[in-house]
Amino acid sequence: MESTEIRDATPDDRAFIDSLSPRLAGVPHPPWHDGAAMRGFQDRFMAATLDDAEDGARTLIACAADGRRLGFIHMRPGKDGVTDEPCGYVSLLALVPEAEGRGIA
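As a starting point, this report considers the structure included with it.

Cut-offs used in this document
- Residues numbered from 1 in each chain as written.
- Predicted model: local features only at pLDDT ≥ 70, side-chain atom pairs only at ≥ 80, totals over all residues.
- Heavy atoms only, no water.
- Buried < 20%, exposed > 50% of the residue type's maximum accessible area, 1.4 Å probe, protein only.
- Helix = DSSP H or I, 4+ residues; strand = E, 2+ residues; numbered from the N terminus.
- Pairing = 2+ DSSP bridges.
- Phe/Tyr/Trp six-rings, centres within 6.5 Å; stacked < 30°, edge-to-face > 60°.
- Axes fitted to C-alpha atoms, helices over the stretch in contact; angles between N-to-C directions.
- Contact = heavy atoms within 4.5 Å.
- Salt bridge = Lys/Arg side-chain N within 4 Å of Asp/Glu carboxyl O.

## Quick look at the pairing of strand β2 (residues 58–64)
Step number 1: A large share of β2 lies buried, amounting to 6 of its 7 residues.
Step number 2: When strand β1 (residues 4–8) meets β2, the two strands line up antiparallel, connected through 5 bridges. Residue pairing for β2: Ile-6 is matched across the bridge by Ala-62.
Step number 3: Here β2 pairs with strand β3 (residues 69–79) via 6 bridges, running antiparallel. The residue bridging Thr-59 from the neighbouring strand is His-74, located in β3.
Step number 4: Taken together, β2 and the strand that follows it, β3, pair antiparallel across an intervening segment of 4 residues, in which Gly-67 is found at a positive phi of about 95°.

Set out below in C-alpha cells:
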C-alpha cells in the first residue's frame, strides 16, 4: 500500500476540492432530479459549506507520497443528538477515482 499524507487544506487546494463536486453530485440518483440539478445542488452546498465554515470546522487533504492530491474531508463540530456531548460530523468526503478502494477514505 502506498503511503498517504494527511494535511490541512490551504487556499491552493480549493480548485482540487471543487473538481470533486461532480463525483459527489453523482452519488445519489433520485429519479425526480436530473444530473444538472444534482450538480447545481452539490456546487451550491460545497460553496456554502466551505466559504462560510463555522468555527472549529476543518478540511483535510489526503496526498500520495509524491504529493498528488487523492481526496479531501470536511468536518464540522456539533453535538450528539442523544447525549448533547460534543462530536464532529463529516459533511463532505470525496476521493479521485484512482484512490477508491485503497483505504484512504
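## A word on the pairing of β3
On any regular strand, side chains alternate: one points to one face of the sheet, the next to the other face.
Step number 1: Bridge analysis of β3 against strand β4 (residues 86–95) gives 9 bridges, and the strand direction is antiparallel. When the bridges of β4 are listed, Lys-79 appears paired with Pro-86.
Step number 2: Hairpin geometry of β3 and β4 is characterised by an intervening segment of 6 residues between the two adjacent antiparallel strands and by a positive phi of about 65° at Asp-84.

## Points about the packing of aromatic side chains
Step number 1: This model, assessed by the stated rule, comprises 1 aromatic pair.
Step number 2: Plain terms: the ring middles of Phe-41 and Phe-45 are 6.0 Å apart, the flat faces sit at 20° to each other, and that makes the pair stacked. In this pair, Phe-41 and Phe-45 are both assigned in helix α3 (residues 35–51), 4 residues apart and thus about one turn of the helix distant.
Step number 3: With a relative accessible area of 41%, Phe-41 lands in the partly exposed category.

## Observations concerning unusual backbone geometry
Step number 1: Backbone geometry at Asp-84 places phi at a positive 65°, although glycine is not the residue there.
Step number 2: Within the element layout of this structure, Asp-84 appears in the loop between β3 and β4.

## Quick look at the sheet that holds β3
Sheet strands pair via backbone hydrogen bonds, and the direction of the pair is either parallel or antiparallel.
Step number 1: The strand order β1-β2-β3-β4 describes an open sheet built from 4 strands, whose pairing is antiparallel. Of all strands in the sheet, those bounded by a partner on one side alone are β1 and β4. Within this sheet the neighbouring strands show an average axis-to-axis angle of 25°, counted without direction.
Step number 2: Against the sheet, α3 makes contact with β2, β3 and β4, and its axis sits at roughly 135° relative to β4, the strand it touches most.

## Looking at the pattern of salt bridges
Step number 1: Scanning the model with the defined rule gives 7 salt bridges in all.
Step number 2: The partner of Arg-7 in a salt bridge is Asp-13, and the shortest N-O contact between them spans 2.7 Å.
Step number 3: A salt bridge links Asp-13 to Arg-69; the nearest nitrogen and oxygen atoms lie 2.6 Å apart. A residue pair is termed long-range when its members are at least 10 positions apart, and Asp-13 in the loop between β1 and α1 (14–19) and Arg-69 in strand β3 qualify at 56 residues.
Step number 4: What emerges from the salt-bridge pattern is a single network uniting Arg-7, Asp-13 and Arg-69.

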